[in-house]
Amino acid sequence: MEVEKATSVMDPLKDVLLTYFMPEKCYDEFFLNFNFLHVECLKIVLSKCLGIGIILGSVLVKLPQILKLMGAKSAEGLSFNSILLELLAITGTMAYSIAKGFPFSAWGEALFLMLQTVAIGYLIQHYGGKTFKGMIFFVIYFALLAVLISPLTPMSVVTTMQASNMPAVIVGRLIQVGTNYRNGHTGQLSAISVFLLFAGSMARIFTSIQETGDSLMALTYVISSSCNGLIAVQVLYYWNSSPQAPKKKKKKAE
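Definitions and limits used
- Residues numbered from 1 in each chain as written.
- Predicted model: local features only at pLDDT ≥ 70, side-chain atom pairs only at ≥ 80, totals over all residues.
- Heavy atoms only, no water.
- Helix = DSSP H or I, 4+ residues; strand = E, 2+ residues; numbered from the N terminus.
- Buried < 20%, exposed > 50% of the residue type's maximum accessible area, 1.4 Å probe, protein only.
- Contact = heavy atoms within 4.5 Å.
- Disulfide = S-S within 2.5 Å.
- Core = buried A, V, L, I, M, F, W, Y, C linked by side-chain atoms within 4.5 Å.
- Expected span 1.5 Å × (residues − 1).
- Polar contact = N/O pair within 3.5 Å; in protein donor to acceptor, adjacent residues only side chain to side chain.
- pLDDT = per-residue confidence, 0-100.

**Q** Go over the overall build of the chain with me, naming the residues and quoting the values.
**A** Secondary structure summary: the chain contains twelve helices and zero strands in total. The helix and strand sequence of the chain, counted from the amino end, reads α-α-α-α-α-α-α-α-α-α-α-α. Projecting the C-alpha coordinates of the chain onto the three principal axes gives extents of approximately 85 × 45 × 30 Å. Counting the 254 residues in the chain, one finds 46% classified as buried. Contacts spanning at least 24 positions in sequence make up 78% of the contacts within the chain whose residues lie at least 6 apart.

As structure tokens, then:
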């Protein structure tokens, strides 16, 4: 009788729980056997919750950066080449995950990060006085993306692109690190976006291992976390620096 009661109580939520949070065996462990300390199921649920949290957070993760650029009407301190390499890495992850049939909770943030990164790339060009070039970048990117995620693209190409994510992430982040170092400040780089990206990539190490078991995906996020962490350290180091400060120092030197 207790089992029937438990089943009837959870029935309205069962479909949602099975779709987004756990397999049926874990539903049975939790709500029929009342074994809430089942380690394997706890890991699955934690991974699913983190994945959904990362996806929800990714919808807004780069919004502070976009708003900062629009508010300042300047993209000073941001490297367009770094954005291109970041976009290459995000696109590779998204295309690889779609081709492999991984659950959306394992890679969904790549979709929202891609859209926001494209917007930032356009704004860098726009505020650099190259609006037309930004529009061309916009059109060409989405045309290439459509081909990449279509059946026309061989799996070998997608896998190679995912493997190239690691050098792309490293080089892209190092370009931004170098730009920050030369400028002596982080310019219009948003601290909120930087820290959210760092936290998200750290959490993705666990979820990619748990949900995909793909070592290539996991290694990509390990490298991404390390590089994001380096930029986060720079944000803290240059916290009290501003674009005007280096200019003032130069004037005094003259």
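**Q** Which residues make up the state of the cysteines, and what values do they have?
**A** Taken as a whole and assessed by the stated rule, the structure comprises one disulfide. Here Cys26 engages in a disulfide with Cys41; their sulfurs sit 2.2 Å apart. Because the torsion about its S-S bond is -85 degrees, the bridge between Cys26 and Cys41 counts as left-handed. Highlighted residues: Cys26 in helix 2 (residues 24-31) and Cys41 in helix 3 (residues 39-58), separated in sequence by 15 residues. Each member of the pair Cys26 and Cys41 is classed as buried. Distance from the sulfur of Cys49, which forms no disulfide, to the nearest cysteine sulfur (Cys26) is 12 Å.

**Q** Give a description of the nonpolar core that names residues and reports values.
**A** The biggest cluster of nonpolar side chains holds 43 residues, and the ones touching the most others in it are Met114, Ile120 and Ile124. Formed by nine residues, the second largest nonpolar core is a distinct cluster that contains Leu17, Met22, Cys26 and Cys41.

**Q** Just give me the short version of helix 5 (residues 80-100), but keep the residues and values in it.
**A** Taking 1.5 Å of rise per residue, the 21 residues of helix 5 would be expected to cover 30 Å, and the 30 Å separating its terminal C-alpha atoms lies within 8% of that figure. Two or three places before Asn81, at the opening of helix 5, Ser79 has a side-chain oxygen 3.4 Å from that residue's backbone nitrogen. A positive backbone phi angle near 75 degrees is found at Gly101, which sits one or two residues after helix 5.

**Q** Explain the confidence of the model for the chain to me, and be specific about the residues and the numbers.
**A** Across the chain, pLDDT averages 83, with 91% of residues at or above 70. Scored below 50 in pLDDT, residues 1-6 shows three contacts in the model against residues more than four places distant or in partner chains. Every residue in residues 248-254 scores below 50 in pLDDT, and together they form zero contacts with partners more than four places removed in sequence or on other chains.

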